[in-house]
Amino acid sequence: MIQEPEAFEPEATRRAADVAESARANRGWWDRNADEYQVEHGTFLGDDRFVWGPEGLDEVEAELLGRPEDLKGRDVLEIGAGAAQCARWLAAQGARPVALDISHRQLQHALRIGGTFPLVCADAGALPFADSSFDLACSAYGALPFVADPVRVLSEVRRVLHPGGRFVFSVTHPIRWAFPDEPGPEGLSISASYFDRTPYVEQDDEGRAVYVEHHRTIGDRVRDIVASGFRLVDLVEPEWPAWNTSEWGGWSPLRGNLIPGTAIFVCVRD
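Residues numbered from 1 in each chain as written. Predicted model: local features only at pLDDT ≥ 70, side-chain atom pairs only at ≥ 80, totals over all residues. Heavy atoms only, no water.

**Student:** Even after reading the chapter, I still don't get the nonpolar core, so can you show me in this structure?
**Tutor:** Note on soluble globular proteins: their nonpolar side chains tend to be buried together. If you look at the biggest cluster of nonpolar residues, it comprises 27 residues, and the most contacted ones within it are Leu77, Phe129, Val157, Phe167 and Phe169. In contact with Val157, not counting residues within four places along its chain, are Ile79, Leu127, Ala137, Phe167 and Phe230. Listed in part, the 17 residues of the second largest apolar core include Leu64, Trp89, Cys138 and Val168. (Core = buried A, V, L, I, M, F, W, Y, C linked by side-chain atoms within 4.5 Å. Buried < 20%, exposed > 50% of the residue type's maximum accessible area, 1.4 Å probe, protein only. Contact = heavy atoms within 4.5 Å.)

**Student:** Is there a simple way to think about a nonpolar patch on the surface in this case?
**Tutor:** Residues Leu188, Leu254 and Leu258 make up a contiguous nonpolar surface patch of roughly 250 Å² in combined accessible area. Under the relative-accessibility criterion, Leu254 is labelled partly exposed at 37%. (Patch = residues over 30% accessible without salt bridge, like charges linked within 9 Å, V, L, I, M, F, W, Y side chains within 5 Å. Areas by Shrake-Rupley, 256 points an atom, 1.4 Å probe, with all protein chains shown as cover. Salt bridge = Lys/Arg side-chain N within 4 Å of Asp/Glu carboxyl O.)

**Student:** Got a minute to help me understand the packing of aromatic side chains in this structure?
**Tutor:** Aromatic ring pairs: the centre-centre distance and the angle between the two ring planes describe each pair. The tally for this structure, following the rule as stated, stands at 16 aromatic pairs. Measuring from ring centre to ring centre gives 6.1 Å for Phe146 and Tyr211, while their planes differ by 75°; the resulting arrangement is edge-to-face. One end of the pair, Phe146, is in the loop between β5 (134-140) and α5 (150-160); the other, Tyr211, is in strand β8 (residues 209-213), and 65 residues separate them in sequence. Here Phe146 matches Tyr211 in class, with each residue buried. Judged by centre distance (5.1 Å) and plane angle (20°), the ring pair of Phe169 and Phe265 falls under stacked. Here Phe169 is found in strand β6 (residues 161-172), whereas its partner Phe265 is found in strand β10 (residues 262-268), with 96 residues between them in sequence. The buried category is assigned to Phe169, whose relative accessible area is 1%. Above the plane of the ring of Phe44 lies Arg49, whose end atom (NZ or CZ) is 5.5 Å from the centre. (Phe/Tyr/Trp six-rings, centres within 6.5 Å; stacked < 30°, edge-to-face > 60°. Helix = DSSP H or I, 4+ residues; strand = E, 2+ residues; numbered from the N terminus. Lys NZ or Arg CZ within 6 Å of the ring centre and 35° of its normal.)

This is the structure in structure tokens:
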């Protein structure tokens, strides 16, 4: 009888992880987990919905990129696009989106669902586009939570935007770093310092990172935005809506009604 190998369980730790290690680890993680992610969250995300986070805030209502009717004919870059649900919604409004992701497997899901817009596999810290190529850029939980040098990414996004262009991105709300990533009551007690910026790392038996997430405080995010040359014009903290009864990892109605789960930064290139 052939014995199946035991499933690999990475070790969770807190340690430094530089730009290269973070990119390598997260490219591999998303390639390995893209199928499961799309199965688990695909129904909530839809094929052509623009959702900013697990709360379910929809761009149709939020209009953080502008009124839907004003998106027609606009060149839009989606960063960390996954299966390109947001780009597909943008295309339906008449925009000309480009969907970029570091994970080849995630973009294969974008191909599976379909669309006529370009898909680009690249690192957000080195965007393969000319200066001033886009009118708008967006990222719903893409790239920025996982990069060691967010100013590098923000500066690249600013470079490829036209003057006056807008970049809107959402990330896990920084206050969540202080709480366990649990949807139930155990996720309501502070267990770590909000001010500890040491990355969360999952590593293999050889100590090689297989997943990395970086923490920035609210103040850090604001300073990163300013350092990259953007002007911050809004910070949105979506409240948990009554209609959303689902759980997504550590996000849940219980926690969402008490502490913010998502932070959305609206930035303009002057």
